[in-house]
Amino acid sequence: MEAGSKVWVRDKKGDQAWLLGDVVSKTSSTITVEIDEDVVEKVRTFDYEPGIEINDVKMANDKEMDCVEDLISLPHLHEAAILHSLTQRFKTGSIYTFTANAILLAV
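Predicted model, so just to flag it, every value in this text is computed and none were measured.

Reading the values: rules and limits
Residues numbered from 1 in each chain as written. Predicted model: local features only at pLDDT ≥ 70, side-chain atom pairs only at ≥ 80, totals over all residues. Heavy atoms only, no water. Helix = DSSP H or I, 4+ residues; strand = E, 2+ residues; numbered from the N terminus. Buried < 20%, exposed > 50% of the residue type's maximum accessible area, 1.4 Å probe, protein only. Contact = heavy atoms within 4.5 Å. Areas by Shrake-Rupley, 256 points an atom, 1.4 Å probe, with all protein chains shown as cover. Salt bridge = Lys/Arg side-chain N within 4 Å of Asp/Glu carboxyl O. Pairing = 2+ DSSP bridges. Axes fitted to C-alpha atoms, helices over the stretch in contact; angles between N-to-C directions. Core = buried A, V, L, I, M, F, W, Y, C linked by side-chain atoms within 4.5 Å.

Student: What should I look at first to understand the overall build of the protein in this one?
Tutor: A tally of regular secondary structure across the protein gives one helix and seven strands. Each helix (α) and strand (β) of the protein, taken in turn from the N terminus, gives the series β-β-β-β-β-α-β-β. Classification of the 107 residues of the protein by burial places 35% in the buried group. Contacts in the protein between residues at least 24 apart in sequence constitute 31% of all its contacts with a sequence separation of at least 6. By element, 54% of the accessible surface of the protein is carried by carbon and sulfur atoms, the whole surface being about 6,600 Å².

Student: Sorry, what's going on with the pattern of salt bridges here?
Tutor: Where charged atoms of side chains with opposite charge meet at close range, the side chains can pair. This structure, assessed with the given rule, holds nine salt bridges. For Glu-69, the salt bridge goes to Arg-89, with nearest N and O atoms at 4.0 Å. Pair noted here: Glu-69 is in the loop between β5 (57-59) and α1 (79-91) and Arg-89 is in helix α1, with a separation of 20 residues, a long-range link. Residue classification places Glu-69 among the exposed positions, given a relative accessible area of 54%. With relative accessibility at 3%, the residue Arg-89 sits in the buried group. Ionic contacts of the salt-bridge type, sharing partners, join the residues Arg-10, Lys-12, Asp-56 and Glu-79 into one network.

Student: For this particular structure, what's the right way to read the side chain of Thr-97?
Tutor: Along the chain, the position of Thr-97 falls in strand β6 (residues 96-99). Ignoring any residue separated from it by four or fewer positions in sequence, one finds Thr-97 in contact with Val-68, Glu-69, Asp-70, Leu-71, Leu-86, Arg-89, Ile-103, Leu-104 and Leu-105.

Student: Could you clarify how one ought to interpret the sheet that holds strand β3 (residues 30-35) in this entry?
Tutor: Sheet strands associate in pairs through backbone hydrogen bonding, adopting either a parallel or an antiparallel arrangement. An order of β4-β3-β2-β1-β5 is seen for the five strands of this open sheet, with the pairing classed as antiparallel. The two strands at the open ends of the sheet, each matched to only one other strand, are β4 (43-47) and β5. Strand-to-strand twist across the sheet, computed as the mean angle between neighbouring axes with direction ignored, equals 40°.

Student: Honestly, the environment of Glu-41 in this entry has me stumped. Any pointers?
Tutor: Take Glu-41: it is sitting in the loop between β3 and β4. For Glu-41, a relative accessible area of 30% gives the class partly exposed. For the pair formed by Glu-41 and Lys-13, sequence separation is 28 residues and the distance between their alpha carbons is 9.3 Å. Discounting chain neighbours no more than four positions away, the residues touching Glu-41 are Lys-13 and Ile-35.

Student: Whenever I open this one, the nonpolar core confuses me. Can you help?
Tutor: Across soluble globular proteins, nonpolar side chains show a tendency to be buried alongside one another. Within the largest apolar cluster, eleven residues are counted, these being Val-7, Val-9, Leu-19, Val-23, Ile-31, Val-33, Ile-35, Phe-46, Tyr-48, Ile-54 and Val-57. For this core, the secondary-structure elements that each account for two or more residues are β1 (6-10), β2 (18-26) and β3. With three residues, β3 is the largest single contributor of residues to this core. Setting aside residues up to four positions removed in sequence, Val-9 forms contacts with Ala-17, Trp-18, Leu-19, Val-33, Ile-35, Arg-44, Phe-46 and Asp-56. Listed in part, the six residues of the second largest apolar core include Val-68, Leu-71, Leu-74 and Ala-81.

The values reported here are purely geometric and, on their own, carry no functional implication.
Rendered as structure tokens:
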């Protein structure tokens, strides 16, 4: 997760689960993210320890991965990525998707 990377940030204060943003800086103990959407707290800083996953910041997939047929093909598979992919599929009318060809999801 380097400066310039697209990430999802948990929305603890608003009505969305996750907000898309860009990492603007990273030090040995903090990551600062600028949120893409118009929110009250546009820039957020998160403390972290190297080697330990940050619960409130997750890597975003590339835009071309928004509507994959099988969610298991997402490079970054986590709550934010799944919700985003399902939302994009719903908007395009592609309401069926799979997870590893074993589970059919319909939205």
